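Read off the chains here:
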Amino acid sequence: MPNIPIDRRTENESATAHGLGSTTILALGTFAVGTDAYVVAGFLPAMAQSLQVTVAAAGQSATVFAIAYAVLSPILATVLAWMPRRRLLVGALVVLTLANLGSALAPNFPVLMVTRVLAAFGAAAFTPNAGAAASSLVAPAQRAKALAVVVGGLTAATALGVPLGNLAGKALDWRAALGLVAALCAIAAVGVLAIMPALPGAPRIPLRTRLATLRHPGVLAVLPLTVAGMAAGYGLYAFAVPVLRALGAGAGEETWLLFLYGVGAVLGNLLSGTRVDRYGPIRVQTAGYAGLTLTLAAFAWATGAGVHWLPLTALLMVAWGATTWFQTPAQQVRLINAAPHETAVVIGLNASALYAGIALGTALGGLLLPAGASAALAACAGLALLSLLYLRLTRRHG
């Protein structure tokens, strides 16, 4: 039989193209997960009225989601590591679909809270494993690009999830909006099942090993800033609609103002990533936390003084998104620098800390909001200032 020459470069390019194609459907999944996490803020007052609870109480549905995600993420990464990737990802999206259907049909507030915990279970199982699967689908030289595609789904959800939820809640109602999120999760599940190739499970890292990294002095010093910074920046985002109404924004202006927050979040994340490479994480974080403090203080002043000037509100929304989401790239770099041999573990711990900060901030926002939007914003500005001071105290680490 004659030897037939094989163009290995063509084979590798074909495999890479197929791998990047599979990551696109994973990005749809992360978009669904991110939308699920943020969408409630878009229709919170309507949901509170329907379930006959206060807006502050309804906002705690975001708190329980974040707490459950923070706790479950390292546990599920350990317990489910053996599962083949496609089966695990499809299963997680099915759980998300059922959880959102349950939320859409919830007859009362306690049932809603249970379904939000179930949704967090699916989200905590999907997101880290989607990134791991993406990096396995392509050649090493394409891994950064594949991860950027998958993370892009979460970034897009930050920009679009809440305003789309707000728009769907007005055009239909909040239950229909959650039903649409469930449909999106189902579509992503079918797509992953149809397009993604089979991948084996990953080696199991014991939970004890993951948590032992917390004893590393550098990690122990850096990680609390993720919690404090996200609590300050995200504390009132679940209550963004009441805040906007305190600034005089009408129902027709809420959607595009929320979209501007998302635009700021995307720009802040991208700008931070490039500036960290050039100036280092400490200088970037110093500028970011100073900006967050000033932004929240300006919000507090505007609501307290009764300033109803739409251009100022729009500018503050962009700044709020940018200064909240600038911190993730810099924090990841600091943690990796602090424990370079535990990269996967510290990134996972940072994700848990991020959601712990969201949970703490949302709980704090719900507690302070009855005292008025101005007082709640001032408290968040104070927490941002404390984050800046903590950064200066721990700048030698990472």
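Basis of the calculations
- Residues numbered from 1 in each chain as written.
- Predicted model: local features only at pLDDT ≥ 70, side-chain atom pairs only at ≥ 80, totals over all residues.
- Heavy atoms only, no water.
- UniProt positions renumbered as here; feature names shortened; annotations may be inferred.
- Salt bridge = Lys/Arg side-chain N within 4 Å of Asp/Glu carboxyl O.
- Helix = DSSP H or I, 4+ residues; strand = E, 2+ residues; numbered from the N terminus.
- Buried < 20%, exposed > 50% of the residue type's maximum accessible area, 1.4 Å probe, protein only.
- 1 Å grid on protein atoms, 1.4 Å probe; cavity = no way out; pocket = protein on both sides within 12 Å on 5 of 7 lines; lining within 4 Å.
- Points joined across faces, edges and corners; volume = space filled by probe spheres on them.
- Nonpolar A, V, L, I, M, F, W, Y, C, P; charged D, E, K, R; others polar.
- Patch = residues over 30% accessible without salt bridge, like charges linked within 9 Å, V, L, I, M, F, W, Y side chains within 5 Å.
- Areas by Shrake-Rupley, 256 points an atom, 1.4 Å probe, with all protein chains shown as cover.

The name that an unreviewed UniProt entry assigns to the chain is MFS transporter, with the source organism given as Nonomuraea insulae. What UniProt states about the chain under its Subcellular location (unreviewed entry) heading is, verbatim, "Cell membrane".

Enquirer: Can you walk me through the pattern of salt bridges in this structure?
Expert: Opposite charge on two side chains makes pairing possible when the charged atoms of those side chains draw close. Under the counting rule described, the total for this entry stands at 2 salt bridges. In this structure, aspartate 36 and arginine 116 form a salt bridge, with 2.9 Å as the shortest nitrogen-oxygen distance. Of the two residues, aspartate 36 is situated in helix H1 (residues 8–38) and arginine 116 in helix H5 (residues 109–137); the sequence distance between them amounts to 80 residues. According to the relative accessible area criterion, aspartate 36 is buried, its value standing at 0%. Put simply, arginine 245 and glutamate 254 hold a salt bridge, and the shortest N to O gap is 2.7 Å. Its relative accessible area of 1% is what places glutamate 254 among the buried residues.

Enquirer: Could you clarify how one ought to interpret empty space enclosed by the protein in this entry?
Expert: Taking a probe equal in size to a water molecule and rolling it over the atoms shows the remaining empty space. All told, the structure shown has 2 cavities of 30 Å³ or more when counted by the stated rule. Roughly 50 Å³ of volume is contained in the largest cavity. Taken together, Ala37, Tyr38, Ala62, Phe65, Ala66, Tyr234, Tyr355 and Ile358 make up the lining of the largest cavity. Broken down by secondary-structure element, the contributors of at least two residues to the lining of the largest cavity are H1, helix H3 (55–79) and helix H15 (343–368). Tallying contributions element by element places H3 first for the lining of the largest cavity, with 3 residues. Looking at side-chain class alone, the lining of the largest cavity contains 8 nonpolar, no polar and no charged residues. Within this model, the second largest cavity holds a volume of roughly 30 Å³. Thr226, Met230, Gln327, Thr328, Gln331, Asn350 and Leu354 are the residues that line the second largest cavity.

Enquirer: Just checking my understanding: could you explain a nonpolar patch on the surface for this structure?
Expert: A cluster of nonpolar residues, Ile67, Val71, Ile75, Val79, Leu207, Leu211 and Leu214, forms a patch on the protein surface that exposes about 500 Å² of accessible area. Ranked by residue count, the leading element in the nonpolar patch is H3, at 4 residues. Its location among the elements puts leucine 214 in the loop between helix H8 (207–212) and helix H9 (217–234).

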